[in-house]
Amino acid sequence: MAMPLRQTLRVGTYLMEQKLRRRDKFPLIVELEPLFACNLACEGCGKIQHPAGVLKQRMPVAQAVGAVLESGAPMVSIAGGEPLMHPQIDEIVRQLVARRKYVFLCTNALLMRKKLDKFTPSPYFTFTVHIDGLRERHDESVAKEGTFDEAVAAIKEAKRRGFRVTTNSTFFNTDTPQTIIEVLDYLNDDLKVDEMMISPAYAYEKAPDQEHFLGVEQTRELFRKAFAGGNRRRWRLNHSPLFLDFLEGKVDFECTAWGIPNYSLFGWQRPCYLMADGYVPTYRELIEKTDWAKYGRGKDPRCANCMAHCGYEPTAVLATMGSLKESIRAARETLGT
Ligand code: SF4
Ligand code: SF4
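Residues numbered from 1 in each chain as written. Chains lettered and ligands numbered in written order. Predicted model: local features only at pLDDT ≥ 70, side-chain atom pairs only at ≥ 80, totals over all residues. Heavy atoms only, no water.

What follows concerns helix H3 (residues 61-71). Here H3 has its buried residues at Val61, Ala64, Val65, Ala67, Val68 and Ser71. The arc enclosing the buried residues of H3, seen along the axis, measures out at 155°, which places them on a common side. For H3, the elements touching its buried residues are strand E1 (29-33), strand E2 (75-78), helix H4 (89-98), strand E7 (262-264), strand E8 (267-271) and helix H12 (283-288). (Buried < 20%, exposed > 50% of the residue type's maximum accessible area, 1.4 Å probe, protein only. Helix = DSSP H or I, 4+ residues; strand = E, 2+ residues; numbered from the N terminus. Arc of directions from axis to C-beta. Contact = heavy atoms within 4.5 Å.)

Below, the structure is given as C-alpha cells:
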C-alpha cells in the first residue's frame, strides 16, 4: 500500500482511539454523494438512473460538511454523479480540508482541467480519476469517445500543478489479466499516478447492463493472474495487503459495510453505497438502527458476488490492526521496504 506516511499515521491514531474507547463500529471513510447527475452515461452505473427531479438536486455545503463531521471519519471520498458538476464543490473540499479530513474527489475528469484553478494542492486533497482501461476499453466502458485522452491530459496537468492524483479502475468479466496488467502498468509506470485503486464491478439492480459483472471465483482468478510475476508488489495500489489477499482469494472476510458508509441527497444509506434499504438522517442512527448481521455474502442474495472495498476493506484494516504480523507487513509496504 502506498498511502503517504502522514495519512497512515493519522488513520492509525484514529483506529487506536476507537479501540481505546471500545467502539466496535466506526467509520473509516465516508462516501459522500452531493449530487447524482453526471456528464457521462456508463453502462454499469447505478447512480444516474434516478428521476430527473433528483438528478437536478445539489447538496448544500453545510449539509455535506456537517454529515462528515457528525460521523467523525478521518477520510472522505466525494463521488456522485460527477462531483465537479456541483457548483460549490470547491467550497465543500476547502471546508473539509480545513478540518484536516483527507479528501478524495472522484471524477471522470471531463471537467477537471477547466476547474483546476478552483482547488489548491494539499497533502489532504487528492483527485481520484476514473480509468477502466486503456483508450479503446475505457471509452467503450464510459460510452464516450475521447474520454480517456481527456482524463490523461487532466492527470498530467494536475500533477504538473502539484496535486496528488490517484486512479480508480473497475473491472468487468470482459476484462482479462492482460487488460488489467496493461492499464495498471500504464498508470503506474507511464502516467506515474500517486496510487491506484481497483475494484470488481458490483451488479447494481438499477444498472442497465447486467451481463458483465464478475462472480466471486472469476474475480479471484482474474486478480490472482494479474498480480502474478511481482506485479502486485510493484504497483502502487491504495489498498491494505489483506484486502489484496482477499481479492486473490487467499483469505475471506465478513462484510463490515458500516466502516465505509454512504451519505447522499437522501441521507445515510443502509447498508452501503451499493444497496439502498432505506435512509436515516444521522450516522449514529445508521449504526444503531441497522441489522448489520443480515448483510454480506451468504446472507443476502444481493451480496452474493460482492467483493467491493466498501464492504471488505474495513474488515481487512481491522484484521491488520488486530495482528502484529499483519501490522508489520502493512507498515513495511507503506515504507516501501
Ligand atoms: S462517470 Fe461515474 S457517475 Fe458518471 S455515469 Fe459513469 S459510473 Fe456513473
Ligand atoms: S456485501 Fe456488504 S458492501 Fe457488498 S453489497 Fe452487501 S452489504 Fe454492500
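Here we come to the packing of aromatic side chains. One pass over the structure, following the stated rule, counts 19 aromatic pairs. Considering the side-chain rings of Phe227 and Trp235, the 6.4 Å spacing of their centres and the 70° angle between planes classify their relative orientation as edge-to-face. Summarising the burial analysis for this pair, Phe227 and Trp235 share the class buried. Ring pairing ties together the aromatic residues Phe119, Phe125, Phe127 and Phe163, which thus form one cluster. (Phe/Tyr/Trp six-rings, centres within 6.5 Å; stacked < 30°, edge-to-face > 60°.)

Moving on: the site of ligand 2. Surveying the vicinity of ligand 2 reveals the residues Tyr202, Cys255, Pro271, Cys272, Met275, Tyr295, Gly296, Cys303, Cys306, Cys310, Gly311 and Tyr312. Considering each element in turn, the shell around ligand 2 owes the most residues, three residues, to helix H13 (residues 309-321). Among the residues making up the shell around ligand 2, the classes are represented as 10 nonpolar, two polar and no charged. (Near = heavy atom within 4 Å. Nonpolar A, V, L, I, M, F, W, Y, C, P; charged D, E, K, R; others polar.)

A few words on the site of ligand 1. Taken together, Cys38, Leu40, Cys42, Cys45, Ile48, Gly81, Asn108 and His130 make up the full set of residues near ligand 1. Of the residues in the shell around ligand 1, the class split is five nonpolar, three polar and no charged.

Following the criterion strictly, the structure yields 28 salt bridges and no others. Taking the shortest distance from any N to any O, the salt bridge between Glu248 and Lys250 comes out at 3.6 Å. Its relative accessible area of 6% is what places Glu248 among the buried residues. By relative accessible area, Lys250 is classed as exposed at 57%. The residue Arg297 makes a salt bridge to Asp252 at a minimum N-O spacing of 2.9 Å. Linking Arg297 in the loop between H12 and H13 with Asp252 in the loop between helix H11 (241-248) and E7, this pair joins segments that are 45 residues apart in sequence. Within this structure, Arg232, Asp245, Glu248, Lys250, Glu326 and Arg329 form a network of salt bridges that share partners. (Salt bridge = Lys/Arg side-chain N within 4 Å of Asp/Glu carboxyl O.)

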